[in-house]
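Read off the chains here:
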Amino acid sequence: MSGVVGTPVPRVDGLDKVTGAARYAADLKFPRLLHAEVVRSPLPHARVLSVSYARALQVPGVRAAASGADFPFHTGIYLKDQTVFATDRVRMVGDPVAAVAADTPEAAREAAQLVDVEYEPLPPVFDVLAGMAPDAPLVHPELGRYECVPWINPRAGTNVANHLKVRKGDYDGALASAAHVFENTFEVPQVQHVPMENHVSVARADLAGRVEVHTSAQSPFTVRHLLCACFKLPHSDVRVVVPNVGGGFGGKAGINLEPIAVALAMRANGRPVRVSVDRSEEFYATVVRQGLRATLTTGVDRNGKVVAQRMEYLWNCGAYGGYGVNVVRAAGYTCGGAYEFPNVRGDSIGVYTNRPVGSAYRGFGMQEIHWALEQQMDCVARELGMDPVEFRLLNCLGPGKKTVTGQVLDAGSGRVDLCIGRVAEATGLRGRRAEGPGRTGALPKSVKGVGMACAVKAPAMPNNASSSVHMKFCDDADLELAISGIDYGQGLMTVAAQFAAEALGLPVSKIRVRGQPDTNLSPYDWQTVASRQTWATGNAALKAAADVRRQLFAMASEALGVPPDELTLRDVAVWHEPSGRSIALPLLVLGYQFPDGHTIGGPVAAAATFVPEGLLFLDPDTAQSAKPVAKWTFGAQALEITVDTETGRIAIDRAVACYDVGKVVNPGLIEGQTFGGIVQGLGTGMMEELMLSTQTGRVVNASLMDYKIPTSADIPTRMEASFVETPQKDGPMGARGIGEHTMIPTPAALANALYDALGIRIRDLPITAEKVLRELKAKRERDAGTGKAV
Amino acid sequence: MRHEITLRVNGVEETHHVESNTTLLEFLRDTLDLTGTKEGCNEGECGACTVLLDGQAVNACLVLAAECEDASVTTIEGIGRAGALHPVQEAILRHHAVQCGFCTPGMVMTAVEYLEDHPRPSDDDVREALSGNLCRCTGYRQIVDAVLDAAGTLRARDGSRS
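Residues numbered from 1 in each chain as written. Chains lettered and ligands numbered in written order. Predicted model: local features only at pLDDT ≥ 70, side-chain atom pairs only at ≥ 80, totals over all residues. Heavy atoms only, no water.

A. Main features of the overall build of chain B. Scanning chain B from N- to C-terminus turns up five helices and five strands. Scanning chain B from its N terminus toward the C terminus, one meets helices and strands in the order β-β-α-β-β-β-α-α-α-α. Relative to a compact globule of 162 residues, whose C-alpha radius of gyration would be 15 Å, chain B shows 16 Å and is just as compact. In chain B, of all internal contacts separated by at least 6 residues, the share reaching a separation of at least 24 is 55%. Of the roughly 6,600 Å² that chain B leaves accessible, carbon and sulfur atoms contribute 44%. If you average the places of the 13 positive and of the 26 negative side-chain charges in chain B, the two averages end up 9 Å apart. (Helix = DSSP H or I, 4+ residues; strand = E, 2+ residues; numbered from the N terminus. Rg over C-alpha atoms; globule rule 2.2 N^0.38 Å. Contact = heavy atoms within 4.5 Å. Areas by Shrake-Rupley, 256 points an atom, 1.4 Å probe, with all protein chains shown as cover. Lys, Arg positive; Asp, Glu negative; His and termini not counted. Charge placed at Lys NZ, Arg CZ, Asp CG, Glu CD.)

The following block contains the structure:
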């Protein structure tokens, strides 16, 4: 069944999901389950003077309680700045202070009310600029004493959680020689992932000292690793099981509620404990996307070639570093986006504040920096009177070009120029009103515009992040492929099945992907993040399949008395085509028995791994590296919009996306990734903002009523996805990652389309109707001042 | 306060004790272990818990179980199974209209109910009809296409019957 890769195979987990058979963490039943309630800080910043749960334990049905004094253990994946429960200080509204577990949720809630916590309020800081001020309140006064990986750079005595400096060429000299210089500042608020499934974790600590965790998480082995580091347990005594996961988008990477569940379970005499958050807590007490304030300075020569580029990215990390500190790093080494800038000064700085915790969110900082970069490119082109499409093509990266870290891209890196060309052609963007809209007279009610933006992203992961798979057969020759990448919607199980089917000549229906990992049984995988699974698990699956094939052919060769290189696999059998003889796979997969009874081989099984080759650390002072990341995926999107000039509302008439994915593995799945990314991008583009009261430090729109995400009524009238296939050298059949990239360019493309329509530019997300009207009014006033009617 | 209720769930008569404040969602998930119906927000905003109550699509999180005496409730478990899927379920598979799957049961229930009374919906009609069911993964396009496709299948099936 070769030719499976590249076809729209239906999802292998589809039947489970359309019938309701698929079980998610909250669907699992546990006898004698205890229900937890977490006591959370009502203050954004305070000293914790005392915590007592003595009264809580008196509530009938309460079985366990825990606080920071009981478990003063650090968590944190890169920078150990967080504890299971607050110890001496709370740093955000929602910071866990204690937790109780009881027979019923009602008893747990009642008990939580009776946990006595004494706080001494401290001045909070919510804004990055305020956080960087010399006299700012310190969110982590003990920052200099935290354990930290060597490639994160916290600055003791400040609120800086990480700072990555990029220095390439001679920025100052090049800026001085530039014909024109442009500077703009852009902002992105904190937003939330809003997975349809809220976080939930169940833990049991048995009387033999072993811990079992069932959780809605993206990375079971990293959950195990971090839990073991936190509670100082041997890895082999901790079992993490992940069932179906109802969306993650980065918010379920690493550990979230698991340490609280384990802490309570350790005091619950072997009873399982479930910790969950409701939709409101999901918004502020799990994790969010970091805010960004980006200031870009661009120097261009007379021909429109960028000669000097400065990028200052100030990230609002919130209360803890989490994944956020690595977002800061990734944004640093990708600071130039899809462009070749010969002389660069980049500073990506993460700043602690007393806001919710910034973390990974689909794109890992890339949508935020592209919001700035792709508007800046549009601004510069318009100011120069150049076609923004031509300006991008003149300055974009491509094979042979050098990234901001000095990496020379090879021929297998993908072609952003082709993606730009494709979306520009499709929308008629090229050559369109290069000088910007020059309307005179009264504005019509509806005005159309077109805009585009590029995207690039590499996997942000440790250089040695690996994936592995196991393969074995059932008696009937159904192939079981065990993976530990999590398919929380992106289609990994289906893609893995396609690679295995392709390599073994089997129909996809004969492949059973065991994709709900159990760390006791499943092969190791680092994490399901970074758009790395199709590539990493796909490679491991192809390798394992080659091994399986070799084993089958060795047996069949002996059985048929023919050389193995004359054998083929098709129709669930090994064939010797020259003689027309074959052996059905069920006769081989558990070992081949000859007519006289003697048996050769044995159960066919394989294990295979993948780790990327040749990745090199960044220079600590300049971030230069010949190969800092495993791969880049480039792309572009264009949006056609209609703006209602009376209401400020924007309708998206058409969204056109093009990505160089190396190889389209499944057109149906990749279309779903693209459409999903565009709509999620329009959510952050037009609707979403986590609003926080600076009086109380509370998130004021922590509900789906007040924090709107796109519905089916909000989607573009038309969406189109197309793909360039420049094979990735180390990709499975040439494929590279795409999951995150689809939402990266959308908000910037929208901003550029709005400028195209009306000559107004909104620099702070989201682009709401109110902001459109405000900018239109401001423009009218400006134009009235210059005598130009709009 | 405890109430005894008798109702039909997916065609089966069930008699159980429930508390006054037990929601239909809790009753279905916790008492009957019908976990295909999901809790996404517990405040009627996301549609993940959509079930049919006497034929009408409702958010099960907003209905009290005690109010369901004599009612007929259909959940995703009553819609189709392997080998005998509802045309809406078939179409969703065909159109790759599932990703994480958490919204899928509720989405199916809304679509099944909607198509009963709207055999020839337009694209806009379907987008409007599904707008109470949030999905964060798919961008809705393939779901809308699937529902339009299922409408055609249902028309053909009903046409061949009449």
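Alright, that's what it looks like, and here's the rest.
B. A look at the interface of chain B and chain A. With 41 residues of chain B at the interface, the matching set in chain A holds 55 residues. By the criterion of area lost to chain A, the three top residues of chain B are H96(B), R127(B) and R136(B), representing 22% of everything that side buries. Here chain B is connected to chain A by six salt bridges. Two residues, R29(B) and D27(A), come together in a salt bridge whose shortest N-O distance is 2.7 Å. (Buried area = accessible area lost by both parts, 1.4 Å probe. Salt bridge = Lys/Arg side-chain N within 4 Å of Asp/Glu carboxyl O.)

C. A look at empty space enclosed by the protein. Residue and element names in this part refer to chain A. Tallying each qualifying case throughout the model produces 11 cavities of 30 Å³ or more. Around the largest cavity, the lining is made up of 35 residues, and of these Q490, Q673, I738, G739 and E740 lie nearest the centre. Those elements that place two or more of their residues in the lining of the largest cavity are α12 (492–504), α13 (533–560) and α14 (667–686). It is α14 that provides the largest number of residues to the lining of the largest cavity, a total of three residues. Considered class by class, the residues forming the lining of the largest cavity number 16 nonpolar, 14 polar and five charged. Taken as a whole, the second largest cavity spans an internal volume of roughly 410 Å³. As for the second largest cavity, its lining consists of 28 residues, and the residues nearest its centre are T75, Q82, I255, N256 and V287. Elements with a contribution of two residues or more to the lining of the second largest cavity: β5 (82–83) and α6 (258–265). (1 Å grid on protein atoms, 1.4 Å probe; cavity = no way out; pocket = protein on both sides within 12 Å on 5 of 7 lines; lining within 4 Å. Points joined across faces, edges and corners; volume = space filled by probe spheres on them. Nonpolar A, V, L, I, M, F, W, Y, C, P; charged D, E, K, R; others polar.)

D. Looking closely at a negative patch on the surface. Together, D278(A), E26(B), D30(B) and E39(B) line one region of the surface with negative charge. Relative to the elements of secondary structure, E39(B) occurs in the loop between α1 (24–31) and β3 (50–53). (Patch = residues over 30% accessible without salt bridge, like charges linked within 9 Å, V, L, I, M, F, W, Y side chains within 5 Å.)

E. Focus on the sheet that holds strand β18 (residues 344–352) of chain A. Residues and elements named next belong to chain A. Strand order in the open sheet made by the five strands is β9-β18-β17-β16-β10, with mixed pairing throughout. The sheet is open, and its two borders are formed by β9 (160–168) and β10 (180–188), each paired with just one other strand. Strand after strand, the sheet turns through a mean of 5° between neighbouring axes, direction not considered. Against the sheet, helix α8 (residues 324–333) makes contact with β9, β17 (306–318) and β18, and its axis sits at roughly 10° relative to β9, the strand it touches most. (Pairing = 2+ DSSP bridges. Axes fitted to C-alpha atoms, helices over the stretch in contact; angles between N-to-C directions.)

F. Layout of the pattern of salt bridges. Taken as a whole and assessed by the stated rule, the structure comprises 63 salt bridges over all chains. A salt bridge links R239(A) to D518(A), with the nearest nitrogen and oxygen atoms 2.6 Å apart. Of the two residues, R239(A) sits in strand β13 (residues 238–241) while D518(A) sits in the loop between β23 (511–514) and α13, which places them 279 residues apart along the sequence. With a relative accessible area of 8%, D518(A) lands in the buried category. A salt bridge links D158(B) to R157(B); the nearest nitrogen and oxygen atoms lie 4.0 Å apart. (Buried < 20%, exposed > 50% of the residue type's maximum accessible area, 1.4 Å probe, protein only.)

G. Local environment of the packing of helix α9 (residues 366–384) of chain A against helix α10 (residues 388–395) of chain A. All names here are of chain A. Direction vectors running N to C along α9 and α10 enclose 115°, while the axes themselves pass 9 Å from each other. Between α9 and α10, the interaxial angle falls into the category roughly perpendicular. For the pair α9 and α10, the crossing hand works out as right-handed. For the pair α9 and α10, the contacting residues are E374, M377, D378, V380, A381, R382 and L384 in the first and P388, F391, R392 and N395 in the second. Residues of the contact of α9 with α10, tallied by class, amount to six nonpolar, one polar and four charged. (Parallel < 35°, antiparallel > 145°, perpendicular 65-115°, else oblique. Left-handed = near helix turned anticlockwise from the far one by under 90°.)

H. Fine view of the nonpolar core. Core analysis: the biggest nonpolar cluster contains 269 residues, and Y313(A) and L552(A) have the highest contact counts within it. Top element by residues in this core is α13(A). It accounts for 13 residues. Counting 21 residues, the second largest nonpolar core, distinct from the first, contains V18(B), L28(B), V58(B) and A60(B). (Core = buried A, V, L, I, M, F, W, Y, C linked by side-chain atoms within 4.5 Å.)

I. Quick peek at the layout of surface pockets. Taken as a whole, the second largest pocket holds about 800 Å³ of empty space. In this structure, the second largest pocket is lined by 36 residues; those nearest its centre are R649(A), M686(A), M687(A), K708(A) and D714(A).

J. Main features of unusual backbone geometry. Residue and element names in this part refer to chain A. With an omega of -10°, the peptide bond running from L765 to P766 counts as cis. On the secondary structure map, P766 appears in the loop between α15 (746–758) and α16 (769–786). Here F364, not a glycine, exhibits a phi torsion of approximately 50°, which is positive. Inspection of the secondary structure assignment puts F364 in the loop between β19 (358–359) and α9. According to the relative accessible area criterion, F364 is buried, its value standing at 7%.

K. Spotlight on the environment of Q375(A). All names here are of chain A. With respect to the helices and strands, Q375 occurs in helix α9. For the pair formed by Q375 and T297, sequence separation is 78 residues and the distance between their alpha carbons is 12 Å. Apart from the residues lying within four places of it in its own chain, the contact partners of Q375 are F186, H370, A751, N752, R761, I762 and R763. Within polar-contact distance, the side chain of Q375 engages the backbone oxygen of W371 at 3.5 Å. (Polar contact = N/O pair within 3.5 Å; in protein donor to acceptor, adjacent residues only side chain to side chain.)

L. The arrangement of the packing of helix α2 (residues 87–94) of chain B against helix α3 (residues 104–117) of chain B in detail. All names here are of chain B. It is the contact of α2 with α3, at a shortest axis distance of 9 Å, that shows an interaxial angle of 125°. Our classification of the angle between α2 and α3 gives oblique. Judged by the twist between their axes, the crossing of α2 over α3 is right-handed. Between α2, through V88, Q89 and I92, and α3, the contact on the second element is made entirely by V108, A111, V112 and L115.

M. Inspection of the side chain of K510(A) at higher detail. Residues and elements named next belong to chain A. Residue placement: K510 occurs in the loop between α12 and β23. Here K510 falls in the buried class, since its relative accessible area comes to 15%. At 2.9 Å, the side chain of K510 forms a polar contact with the side chain of D478. Ignoring sequence-local partners within four residues, the contact set of K510 consists of D476, A477, D478, L479 and V572.

N. Summary view of the sheet that holds strand β21 (residues 467–473) of chain A. Residue and element names in this part refer to chain A. Overall, mixed pairing links the four strands, which are arranged β23-β22-β21-β29 in an open sheet. Strands with a single pairing partner mark the edges of an open sheet, and in this sheet they are β23 and β29 (605–610). With strand direction ignored, the average angle separating the axes of adjacent strands in the sheet is 20°. Strand direction decides the pairing type here: β21 and β29, joined by six bridges, are antiparallel. Bridge pairing in β29 places S468 opposite T609. Against the sheet, α12 touches β21, β22 (479–483) and β23, its axis set at about 135° to β22.

O. Examining the confidence of the model for chain B more closely. Mean pLDDT over chain B: 97, with 99% of residues reaching 70 or higher. Per the prediction output, this complex has pTM 0.97; the corresponding ipTM is 0.98. (pLDDT = per-residue confidence, 0-100.)

P. Geometry of the packing of aromatic side chains. All names here are of chain A. According to the stated counting rule, one finds 12 aromatic pairs over all chains in the structure shown. Between the aromatic rings of Y78 and Y323, the centroid separation amounts to 6.0 Å while the plane-to-plane angle is 85°, which identifies the pairing as edge-to-face. Here Y78, found in the loop between β4 (74–75) and β5, pairs with Y323, found in the loop between β17 and α8; they are 245 residues apart in sequence, far enough to count as distant. The same class applies to Y78 and to Y323, which are both buried. On the basis of an interplanar angle of 65° and a centroid distance of 6.5 Å, the ring pair of Y313 and W315 is categorised as edge-to-face. (Phe/Tyr/Trp six-rings, centres within 6.5 Å; stacked < 30°, edge-to-face > 60°.)

Q. Looking closely at the environment of G614(A). Along the polypeptide, G614(A) turns up in the loop between β29 and β30 (633–644). Sequence spacing of G614(A) and N666(A) is 52 residues, and the spatial spacing of their C-alpha atoms is 29 Å.

R. Quick look at α10(A). Residue and element names in this part refer to chain A. Where α10 is concerned, the buried positions are P388, V389, F391, R392 and N395. Each buried residue of α10 sits inside an arc of 165° when the element is viewed along its axis, so together they form one side. On its buried face, α10 sits against β16 (291–300), β17, α9, α11 (416–427), β20 (446–457) and α15. The opening residue of α10, the one whose side-chain oxygen lies 2.8 Å from the backbone nitrogen of V389, is D387. (Arc of directions from axis to C-beta.)

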